[in-house]
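# Summary of the model geometry
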Amino acid sequence: MQGKSRPPATAAEAISRMDQYVALGLIGQQEVAQLLGLNVTDLTCLGHILGAGESPLAAGDLAGLTNLTTGAVTGVLNRLERAGYAHRQPDPADRRRVRVVADPAAAVRVFAVYEPFYARLGALFATYSPDEIAVIADWFDRATGEMRAHLARVRSGELGSAAP
């Protein structure tokens, strides 16, 4: 498939559009979390758990993916277990570690909420060439790395306080 002609955009315009998308996404995640009886952090972690599929994540892996401390992940897992969305199971290769597995019925509920949106995104991606999709995917990978680096600076106090 050929990519279609796109209007020119500057980096500043792309960042502005990204900011709009992220802001709307944050509101959307809050609404989906409420619909599912979760908070946004727990929903984000559940998304990673579901995304792991047949290769369940260790709690430490989840901490790394979300940039949360292991203590915070413990709290998340406790809440997800109480809500019936996930459970811990011993790692068969190392009994000292636990893996996190989504409850199948809960996964169905979550997928029912997200599937219509992902179908819309799939239709949107169908308007891009494979090369364009590769650029988009690369950008998201690299931007995620930049976000992690920025969060590390924020958490270290290197950027100072923004409070008046």
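Residues numbered from 1 in each chain as written. Predicted model: local features only at pLDDT ≥ 70, side-chain atom pairs only at ≥ 80, totals over all residues. Heavy atoms only, no water.

### Quick notes on the pattern of salt bridges
Taken as a whole, this structure holds 9 salt bridges when the rule is applied. Close ionic contact of R97 with D91 constitutes a salt bridge, the shortest N to O distance being 3.5 Å. According to the relative accessible area criterion, D91 is buried, its value standing at 5%. Residue R99 is joined to D91 by a salt bridge in which the shortest nitrogen-to-oxygen separation is 3.0 Å. For the pair shown, R99 and D91 are each scored as buried. One continuous salt-bridge network, built from bridges that share partners, spans D61, D91, R97 and R99. (Salt bridge = Lys/Arg side-chain N within 4 Å of Asp/Glu carboxyl O. Buried < 20%, exposed > 50% of the residue type's maximum accessible area, 1.4 Å probe, protein only.)

### Focus: the packing of helix 1 (residues 11-36) against helix 5 (residues 104-125)
The interhelical angle for the contact between helix 1 and helix 5, taken along N-to-C directions, is 150 degrees, at an axis separation of 11 Å. By the criterion of interaxial angle, the relationship of helix 1 to helix 5 is roughly antiparallel. For the pair helix 1 and helix 5, the crossing hand works out as right-handed. Within the contact between the two elements, helix 1 uses Y21, Q29, V32, L35 and L36 and helix 5 uses R109, V110, V113, Y114 and F117. Here the contact of helix 1 with helix 5 is built from residues that sort into 8 nonpolar, 1 polar and 1 charged. (Axes fitted to C-alpha atoms, helices over the stretch in contact; angles between N-to-C directions. Helix = DSSP H or I, 4+ residues; strand = E, 2+ residues; numbered from the N terminus. Parallel < 35°, antiparallel > 145°, perpendicular 65-115°, else oblique. Left-handed = near helix turned anticlockwise from the far one by under 90°. Contact = heavy atoms within 4.5 Å. Nonpolar A, V, L, I, M, F, W, Y, C, P; charged D, E, K, R; others polar.)

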